[in-house]
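Descriptive structure summary
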Amino acid sequence: MANILYLVHRLPYPPNKGDKLRSYHLLKHLTAHHKVWLGTFVDDAEDWAHVPALQAQCEQLFAADLNPLLARVASLRGLATGEALSLPYYRHRAMRDWIARIAKEQRFDAIVVFSSTMAQYAEQLRAVAGPVPMLIDFVDVDSAKWTDYAKANRWPMSWLYRREGRELLAYERRVAEQARCSFFVTEGEKALFQRLSSTGAPVEALGNGVDSGYFAPLPQQANPFAEDELPLVFTGAMDYWPNVDAVQWFAAEVLPQLRQRWPTLRFTIVGRAPTPAVLALAGDAVRVTGTVPDVRPYLQHAAAVVAPLRLARGVQNKILEAMAVGRPVVAARSCVEALGADGVLAGQDLLSADSAADYLELVHALLSAPTRAQAIGQQARERVLRQFSWQAHLAKLDGYLPQGNGQRNTPGNLPGNVQGQPA
């Protein structure tokens, strides 16, 4: 049993969005075999109520309050220092003080970093404690996302995003070369990082999973849609730019033609924190739910699920969840290809689309042939059961973690001790 410092950029609970799902299951995997000290940020006031839920799982939990508006202002320091703006965004005095204290009080056998921006705290601890083995879960190549954003925006934002992509890539390269191993969510993201960074540092693909017991076909769940409605569903955090872009594009470029063929069709956007741009889509053809207590009824009773993401890559949890519930999915080709390494077959387990015409024809085909739609959903469920277990994927980490025999150097720090509070 090793002593592990786990650093996460956002409280890994509740697991209600993509990054939290992965970071939470990683925490569960680590605490099943090791003692874990968790350092994280709370950037949503509602999440403070969930901090105690993680308390019993950790030897110590430190949660620092992060105000997104103030953090954005603080991030501009990067323009003066020449670093990526993402780094000062997550630079927090309370977190630095906690790291300084535990570096003196506790011997760690390994550090696990979730999101490259948290590696700055691993570097801080290693400067005091020596070269503690470090693993980094980059998830995606975040620097490449900023470069993609630059292509989708005009100056001056295009310049700012391009700069962020360049400077963040330099930082990603540097910390990857310090790590025992770095992980990305797909083979494609791994290859992209190796190509962009030109580094020979150890890199592995570590895929996402899905809780197939929770996300399961349950037709008896209450139907949230009207009886005469033909529901087409998108799920996701609706303050995340790639999701906002996806639903705006779909509502403008695909939905009107679909409605000409299927007048009762309604596009339902399910997810927390919809931006004003998303709320503006609401009307006869579009429903925006905001936060819902349970996304599963919306998936279960959807005629089809779409994931028309243009600015996101990698494995999308929203797709795996819909597949696990047994619904037919039409997704962006880049997202489908990301699942291909795990054996997902386009045309059998889900459908792949590139253009508005593709989405129009594929969704129309599913609605026209319910039996085929049902068969695709069933195959999707079977694929998830065979190949998307969280436990199977995360076991890859174990070969890089020491068994350890770390001991506290000072008393105190009782198991489950929660520190940090809203400022």
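**A look at the confidence of the model for the protein**
Averaged over every residue, the pLDDT of the protein is 92; residues scoring 70 or more account for 95%. A low-confidence stretch, residues 406–423 (pLDDT under 50), is modelled with 48 contacts involving residues beyond four sequence positions or located in other chains.

**Brief notes about the pairing of strand β11 (residues 304–307)**
Both faces of the sheet carry side chains from a regular strand, because those side chains alternate between them. Neither face of β11 is exposed, since Ala-304 and Val-306 on one face and Val-305 and Ala-307 on the opposite face are all buried. Bridge count between strand β8 (residues 230–235) and β11: two bridges; the pairing is parallel. Bridge pairing in β11 places Leu-232 opposite Ala-304. Summarising the sheet, β11 and strand β12 (residues 329–332) pair through three bridges and their orientation is parallel. Opposite Ala-307, over in β12, you have Ala-331 as the bridge partner.

**Thoughts on the sheet that holds β8**
Pairing between the strands of a sheet comes from backbone hydrogen bonds, and it takes one of two forms, parallel or antiparallel. Read across the sheet, six strands follow the order β10-β9-β8-β11-β12-β13 without closing on themselves; strand pairing throughout is parallel. Of all strands in the sheet, those with a lone pairing partner are β10 (286–290) and β13 (351–353), marking the two edges. For this sheet, the mean inter-axis angle between neighbouring strands, taken without regard to orientation, is 25°. Pairing of β12 with β13, which is carried by three bridges, proceeds in the parallel orientation. Of the residues in β13, the one forming a bridge with Ala-331 is Ser-352. On the sheet, helix α16 (residues 333–340) packs against β12 and β13 and is oriented at approximately 100° with respect to β12.

**Description of the pattern of salt bridges**
By the definition in use, this model includes 21 salt bridges. For Glu-204, the salt bridge is made with Lys-396, and the minimal N-O distance between the two is 4.0 Å. Taken together, the positions of Glu-204 in strand β7 (residues 203–205) and Lys-396 in the loop between α19 (390–394) and β14 (417–419) put the pair 192 residues apart, joining distant regions of the chain. Looking at Glu-204, the relative accessible area reads 21%, which means it is partly exposed. On the accessibility criterion, Lys-396 (35% relative accessible area) is partly exposed. Residues participating in the shared-partner salt-bridge network are Arg-10, Asp-19 and Asp-43.

**Some points on the environment of Ala-331**
Within the fold, Ala-331 resides in strand β12. Overall, Ala-331 belongs to the buried group, its relative accessible area being 0%. C-alpha separation for the pair Ala-331 and Gln-220, spaced 111 residues apart in sequence, amounts to 26 Å. In contact with Ala-331, other than residues within four places in its own chain, are Ala-307, Ile-319, Val-336, Leu-350, Leu-351, Ser-352, Ala-353 and Tyr-359.

**Thoughts on the side chain of His-393**
Summarising the element assignment, His-393 is placed in helix α19. A polar side-chain atom of His-393 sits 3.3 Å from the main-chain carbonyl oxygen of Gln-387. Every residue in contact with His-393, bar those within four places of it in the chain, is listed here: Leu-206, Gly-207, Asn-208, Gly-209, Asp-342, Gln-387 and Phe-388.

Cut-off values and rules
Along each chain, the written sequence defines residue order, and numbers are assigned to residues from 1. Note on the predicted model: pLDDT of at least 70 is required for a residue's local features to be given, and 80 or more for side-chain atom pairs to be given and counted; whole-chain, interface and lining totals, by contrast, use all residues. Note: side-chain values were computed over all heavy atoms of the structure, leaving out hydrogens and water. Per-residue confidence from the predictor is given as pLDDT, running between 0 and 100. Residues count as neighbours in contact if any of their non-hydrogen atoms are within 4.5 Å of one another. For each residue, the accessible area found with a 1.4 Å probe, counting protein chains only, is set against the maximum for its type, and the residue is called buried under 20%, exposed over 50%, and partly exposed in between. Runs of E in the DSSP output that reach at least two residues are strands. Runs of H or I that reach at least four are helices, and both are numbered from the N terminus. Paired strands, in this sense, are two strands between which DSSP finds at least two bridges. Helix axes are fitted only over the stretch in contact, all axes being lines through C-alpha atoms; the angle between N-to-C directions runs from 0 to 180 degrees. What makes a salt bridge here is a side-chain nitrogen of Lys or Arg within 4 Å of a carboxyl oxygen of Asp or Glu, nothing more. Here a polar contact means two N or O atoms within 3.5 Å. Within protein one must be a hydrogen donor candidate and the other an acceptor candidate, and residues neighboring in sequence count only if both atoms are side-chain atoms.

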